[in-house]
Amino acid sequence: GREKRQFRRPDYHDYIKSAEWKARRDRYMEKRKFKCEVCRKAATQVHHKSYENLGREKDSDLQALCSGCHMNAHEGQKKPIYDPMTKEFMSLVRSF
């Protein structure tokens, strides 16, 4: 019989730069009207609340955020944040 192909979770850094993620991110942002789900400012990034379904995210895995709220969401985590405006990964170290 036919074997069921197992889904392999993509590498985070490769996936975040992919056309698949860009399309998924854009669809999610449109649903959220490009508003930050925390402070209601203009959302510029989509946060993964969970990486469990990376590559096949459900809406409940994602959150539209402005850059400030995205930084707050990652406080204490070691994962970098991809900034679609600069197309670079932002450091989580803030300078005051």
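Quick look at the structure, then. Numbering of residues starts from 1 in each chain and follows the order in which that chain's sequence is written. Per-residue local features are limited, in this predicted model, to residues with pLDDT of at least 70; the limit for side-chain atom pairs, both in listing and counting, is 80 or more; totals at the level of whole chains, interfaces and linings are taken over all residues. Remark: hydrogens and water are excluded; side-chain values derive from all non-hydrogen atoms of the structure.

As for helix 2 (residues 19-31)
Piece 1. Counted at 1.5 Å a residue, the expected span for helix 2 with its 13 residues is 18 Å, and the 18 Å between its end C-alpha atoms agrees.
Piece 2. Buried, partly exposed and exposed residues are distinguished by accessible area as a fraction of the type maximum, computed with a 1.4 Å probe on protein chains only: under 20%, between the cut-offs, and over 50%, respectively. In this description a helix means any DSSP run of H or I spanning at least four residues, a strand means any run of E spanning at least two, and both kinds are numbered starting from the N terminus. All buried positions along helix 2 are accounted for by Trp-21, Arg-24, Arg-25, Tyr-28 and Met-29. The arc that holds the buried residues of helix 2, viewed along the axis, is 130°, so those residues lie on one side. When the buried face of helix 2 is taken as reference, the exposed residues oriented beyond 90 degrees from it are Ala-19, Glu-20 and Glu-30.
Piece 3. The criterion used for residue contact is that any of the two residues' heavy atoms lie within 4.5 Å. Residues of helix 2 that are buried in the fold lie against helix 1 (12-16), strand 1 (45-48) and strand 2 (62-65).
Piece 4. Looking one or two residues past helix 2, Lys-33 carries a phi angle of roughly 55°, positive in sign. Every helix has an expected span of 1.5 Å times one less than the residues it contains. The arc under discussion is defined with respect to the helix axis, by the directions toward the C-beta atoms.

Comments concerning the packing of aromatic side chains
Piece 1. The criterion for an aromatic pair is that two Phe, Tyr or Trp rings (for Trp, the six-membered ring) have centres within 6.5 Å, with stacked assigned to planes under 30 degrees apart, edge-to-face to planes over 60 apart and tilted to the rest. In the structure shown here, the tally under the stated rule is two aromatic pairs.
Piece 2. With a centroid separation of 5.5 Å and an interplanar angle of 80°, the aromatic rings of Tyr-12 and Tyr-51 are classed as edge-to-face. Pair noted here: Tyr-12 is in helix 1 and Tyr-51 is in the loop between strand 1 and strand 2, with a separation of 39 residues, a long-range link.
Piece 3. Ring geometry for Tyr-15 against Trp-21: centres 5.7 Å apart, planes inclined by 55°, an arrangement best described as tilted. Of the two residues examined, Tyr-15 and Trp-21, each falls in the buried class.

Some remarks on the environment of Arg-27
Piece 1. Checked against the element boundaries, Arg-27 lands in helix 2.
Piece 2. When its relative accessible area of 47% is taken as the criterion, Arg-27 is described as partly exposed.
Piece 3. In sequence terms Arg-27 and Asp-59 are 32 residues apart; their C-alpha atoms lie 10.0 Å from each other.

Observations concerning unusual backbone geometry
Piece 1. Despite not being glycine, Lys-33 has its phi angle at roughly 55°, a positive value.
Piece 2. Residue classification places Lys-33 among the exposed residues on the basis of a relative accessible area of 64%.
Piece 3. Positioned with a positive phi, Arg-40 is a non-glycine residue whose angle comes to about 75°.
Piece 4. Looking at where Arg-40 falls in the secondary structure, it is placed in the loop between helix 2 and strand 1.

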